[in-house]
Amino acid sequence: MSLDENIQRITSRIENACKKSNRTPEDIKIIAVTKYVSVEQIEEVFASGFNNIGENRVQNALEKYQTLHDKGTWHFIGQLQSKKVKSIIGKFDYIHSLDRLSLVEEIDKRAETLDIKVNCFIQVNVSGEETKAGISKDKLFAFAKKVSEYDSIIVKGLMTIAPNIQDEKQIRPIFKELRQLRDQINEQEIFQYQLTELSMGMSNDFDIAIEEGATYIRIGTLLFK
Ligand SMILES: *Cc1c(COP(=O)(O)O)cnc(C)c1O
């Protein structure tokens, strides 16, 4: 399967999901998750009109970033160790995995040194699976309040990873709940601005995520198979 064919399939599924849920495809941004592929393949991704690139491992990401940094918008979507923050700060445009205060403090410290602001998503472990990263639902609001005290961190929205299963009946409530949590944070005016984004949906489940309000979907396997 060629990249262009894969993109066509994904695009038409996005259109379908948008139709079902009364949304417009322009509101959905695709992050091409390039952790599986080479610099050359990422070049192809850019050539096909993609702008958003997602990587989940610092070392791997940096090697690619070094060659390609003048292109695209870079999203760090993996778990992030505090000691690695200094390697990616100022390079990645978005960090999707804010999930603990020590990480927030480290990002804030580094951002202040560079005099920049960092776009972040708070990652929520909605499903409650023990193996999943992210802050638990019951700690989310207190955490968000803390995060809002850090001027250099701009929270764009929430991120989650659904269980890797096929059963739509189990996946959909996860996405619905992330959206509700985001809306509640906005209603409580925890931040001085509204959180507009929801980073949710991967190759396995992005249609459902779109129907439930995703604004960023993160697609790897389906693009490169
Ligand atoms: C790998 C990865 C993706 C992409 O997953 P696919 O199933 O290959 O589309 C999305 N989000 C995160 C956080 C990932 O690590």
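Note that this is a predicted model, so its numbers are computed, not measured.

K.L.:
How should the packing of helix 6 (residues 137-147) against helix 7 (residues 168-187) be read in this particular structure?
P.N.:
Between two packed helices, both the angle of their axes relative to each other and the distance between the axes serve to describe the pair. Their axes nearest at 11 Å, the elements helix 6 and helix 7 cross at an angle of 30°. With respect to each other, helix 6 and helix 7 are oriented roughly parallel. The two elements helix 6 and helix 7 cross, and the hand of that crossing is right-handed. The residues of helix 7 that touch helix 6, namely those facing Lys137, Leu140, Phe141 and Ala144, are Glu177, Leu181, Gln184 and Ile185. Its residues assigned to classes, the contact of helix 6 with helix 7 shows 5 nonpolar, 1 polar and 2 charged.

K.L.:
How should unusual backbone geometry be read in this particular structure?
P.N.:
A negative phi angle is the norm for most residues apart from glycine, just as the trans form is the norm for most peptide bonds. Notably, asparagine 22 is not glycine yet its phi reads approximately 60°, a positive angle. Note that asparagine 22 resides in the loop between helix 1 (3-21) and strand 1 (29-33). Looking at asparagine 22, the relative accessible area reads 76%, which means it is exposed. If you check the backbone angles, glutamate 189 has positive phi at about 50° while not being a glycine.

K.L.:
Sorry, what's going on with the site of the ligand here?
P.N.:
Close to the ligand lie Val33, Lys35, Tyr36, Asn56, Ile77, Ile161, Met202, Ser203, Arg218, Ile219, Gly220 and Thr221, which account for all nearby residues. Serine 203 has a polar side-chain atom sitting 2.5 Å from an oxygen atom of the ligand. Within the side chain of arginine 218, an N or O atom sits 2.8 Å from a nitrogen atom of the ligand. For the ligand, whose accessible area on its own is 390 Å², the fraction buried by protein is 89%. Here the shell around the ligand is composed, by residue class, of 6 nonpolar, 4 polar and 2 charged.

K.L.:
How do you make sense of the environment of valine 37 when you look at a structure like this?
P.N.:
Counting through the fold element by element, valine 37 comes out in the loop between strand 1 and helix 2 (39-47). For the pair valine 37 and tryptophan 74, spaced 37 residues apart in the sequence, the C-alpha separation amounts to 15 Å. Beyond its immediate stretch of four places on either side in the chain, valine 37 contacts Ile42, Lys64 and Phe224.

K.L.:
What is the right way to look at the pattern of salt bridges in this model?
P.N.:
Note on pairing: side chains with opposite charge can pair once their charged atoms come close. Inspection of the entire model under this criterion finds 16 salt bridges. We note a salt bridge from lysine 71 to glutamate 43, for which the minimum N-O separation is 2.6 Å. Here lysine 71, found in the loop between helix 3 (58-68) and strand 3 (73-76), pairs with glutamate 43, found in helix 2; they are 28 residues apart in sequence, far enough to count as distant. For lysine 71, a relative accessible area of 33% gives the class partly exposed. The salt bridge partner of aspartate 183 is arginine 179, with a shortest N-O separation of 3.9 Å.

Thresholds applied
Residues numbered from 1 in each chain as written. Predicted model: local features only at pLDDT ≥ 70, side-chain atom pairs only at ≥ 80, totals over all residues. Heavy atoms only, no water. Axes fitted to C-alpha atoms, helices over the stretch in contact; angles between N-to-C directions. Helix = DSSP H or I, 4+ residues; strand = E, 2+ residues; numbered from the N terminus. Parallel < 35°, antiparallel > 145°, perpendicular 65-115°, else oblique. Left-handed = near helix turned anticlockwise from the far one by under 90°. Contact = heavy atoms within 4.5 Å. Nonpolar A, V, L, I, M, F, W, Y, C, P; charged D, E, K, R; others polar. Buried < 20%, exposed > 50% of the residue type's maximum accessible area, 1.4 Å probe, protein only. Near = heavy atom within 4 Å. Polar contact = N/O pair within 3.5 Å; in protein donor to acceptor, adjacent residues only side chain to side chain. Areas by Shrake-Rupley, 256 points an atom, 1.4 Å probe, with all protein chains shown as cover. Salt bridge = Lys/Arg side-chain N within 4 Å of Asp/Glu carboxyl O.

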